Amino acid sequence: MDSLSLLAPAKLNLFLHVTGRRADGYHELQTLFQLLDYGDRLRFESREDGVISLHVKDTLRGRDLPLENNLILRAASELARISGCKAGATIALDKRLPIGGGLGGGSSNAAAGLLALNELWGLGLSVDELCRIGVGLGADVPVFVRGRSAWGEGIGEMLEPVALPEQWYLVVTPPCEVSTAAVFNDENLTRNSAKIRIADFLAGRCRNDCEPVTRRLYPPVAEALSWLGRFGEARMSGTGASVFIPLANEAAGREFLTGLPAGWSGFVAKGVERIREN
């Protein structure tokens, strides 16, 4: 095999509780990751000269994106360093997920890079080994490496697979990019939420602790929650800016999208238990 194409799926945080802060500055979390059947698309081609190149097309904005600090390149470089592999790769990314939307696009891209290059380079690393590399790139990377919707704790890397009912979602994003660091460093962020169990989630005893801070720092997110709230229970994914509602069916979401305000982006997707077999 000398080429491989992968979906780098979006995720929704169906809730997000901040339960503490560690001495190293990372926050302890509880969340439920719902993977979607929609995301970025990546193609990988192996090469023998050791060069790792990346071309990114931003489908939403119709332009190329800068490669500085791109997580795919960092993932590829770290995998090559740890494995001692001298091969290279040409990587093409069709960026369909909004940047700064809280949908995990960068982490999902990094996970796709680890999975694809492990295969193309014939490294034979296990999923657990790839997750250990991934968590050094971002706390959300392991859930995408494992490719399953999951209950997450720790900094998000402690995962328990969860079988969730089949559900369609409408996801919309106003024209702003939320800084995760700005939200988590805000002095008003709740950092002492009590831990819950999945029964509490199913009973609706949960929330997104980041929402009040994001609403205040980024008024377009508050506007998006208000607009989407006309059609259902609007929630924010991660630290935002993307917000979502569950849908009765796909057609309802398509209808709501016809009234999307100018400058906003949106999509309808199905929640899935598993993206791929690992």
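Note that this is a predicted model, so its numbers are computed, not measured.

Quick notes on the packing of helix H1 (residues 71-83) against helix H2 (residues 105-120)
Two numbers describe how H1 lies on H2: the axes approach to 8 Å, and their chain directions differ by 35 degrees. At the point where H1 passes H2, the crossing takes the right-handed sense. Contact residues: Leu 71, Ile 72, Ala 75, Ala 76 and Leu 79 in H1; Gly 106, Ser 107, Asn 109, Ala 110, Leu 114, Leu 117 and Asn 118 in H2. Looking at side-chain class alone, the contact of H1 with H2 contains 8 nonpolar, 4 polar and no charged residues.

Quick look at the packing of H2 against helix H3 (residues 127-135)
At a closest axis distance of 10 Å, the pairing of H2 and H3 adopts a crossing angle of 135 degrees. One finds that H2 runs oblique with respect to H3. As for the relative orientation of H2 and H3, their crossing is right-handed in sense. Contacts from Leu 114, Leu 115 and Asn 118 in H2 reach Leu 130, Ile 133 and Gly 134 in H3. Of the residues assigned to the contact of H2 with H3, the class counts are 4 nonpolar, 2 polar and no charged.

Brief notes about the packing of aromatic side chains
Applying the stated criterion to the full structure yields 7 aromatic pairs. Ring centres 5.9 Å apart and planes at 35 degrees place the aromatic pair Phe 15 and Phe 201 in the tilted group. With a gap of 186 residues between them, Phe 15 in strand E1 (residues 3-21) and Phe 201 in helix H6 (residues 198-202) connect regions that are remote in the sequence. Of the two residues, Phe 15 and Phe 201, both sit in the buried class. An angle of 75 degrees between the planes, with centres 5.2 Å apart, marks the rings of Trp 227 and Phe 231 as edge-to-face. The class for Trp 227 is buried, based on a relative accessible area of 12%.

A look at the state of the cysteines
With the rule as written, the count across this model stands at 0 disulfides. Just so you know, Cys 176 is unpaired, no disulfide at all, and the nearest cysteine sulfur is the one on Cys 210, 14 Å from it. Here Cys 176 falls in the buried class, since its relative accessible area comes to 16%. Left without a disulfide partner, Cys 206 is nearest to the cysteine sulfur of Cys 210, which lies 14 Å away. According to the relative accessible area criterion, Cys 206 is partly exposed, its value standing at 22%.

Describing the pairing of strand E7 (residues 158-161)
Here strand E6 (residues 150-154) pairs with E7 via 4 bridges, running antiparallel. Looking at the pairing, Ala 150 lines up with Pro 161 of E7. Remark: 3 residues form the turn of the hairpin made by E6 and E7, two consecutive strands paired antiparallel; Gly 156 in that turn has positive phi of roughly 110 degrees.

Observations concerning the pattern of salt bridges
According to the stated counting rule, one finds 15 salt bridges in the structure shown. The shortest N-O distance in the salt bridge between Asp 140 and Lys 11 comes to 4.0 Å. Note that Asp 140 is positioned in the loop between H3 and helix H4 (141-146) and Lys 11 in strand E1, a separation of 129 residues in sequence. Of the charged contacts in the structure, one is a salt bridge between Arg 215 and Glu 211, with a shortest N-O distance of 2.9 Å. Of the two residues, Arg 215 and Glu 211 are both situated in helix H7 (residues 211-217); the distance of 4 residues between them amounts to about one turn of the helix. Residue Arg 215 is classed as partly exposed on the basis of its relative accessible area, which comes to 34%.

Remarks on helix H8 (residues 219-228)
The complete set of buried residues in H8 reads Val 221, Ala 224, Leu 225, Trp 227 and Leu 228. Taken around the axis of H8, the buried residues stretch over an arc of 165 degrees, which confines them to a single face. Of the exposed residues in H8, those oriented more than 90 degrees away from the buried face are Pro 219 and Ser 226.

Rules and cut-offs
- Residues numbered from 1 in each chain as written.
- Predicted model: local features only at pLDDT ≥ 70, side-chain atom pairs only at ≥ 80, totals over all residues.
- Heavy atoms only, no water.
- Axes fitted to C-alpha atoms, helices over the stretch in contact; angles between N-to-C directions.
- Helix = DSSP H or I, 4+ residues; strand = E, 2+ residues; numbered from the N terminus.
- Left-handed = near helix turned anticlockwise from the far one by under 90°.
- Contact = heavy atoms within 4.5 Å.
- Nonpolar A, V, L, I, M, F, W, Y, C, P; charged D, E, K, R; others polar.
- Parallel < 35°, antiparallel > 145°, perpendicular 65-115°, else oblique.
- Phe/Tyr/Trp six-rings, centres within 6.5 Å; stacked < 30°, edge-to-face > 60°.
- Buried < 20%, exposed > 50% of the residue type's maximum accessible area, 1.4 Å probe, protein only.
- Disulfide = S-S within 2.5 Å.
- Pairing = 2+ DSSP bridges.
- Salt bridge = Lys/Arg side-chain N within 4 Å of Asp/Glu carboxyl O.
- Arc of directions from axis to C-beta.

Keep in mind these numbers describe shape, not what the thing actually does.
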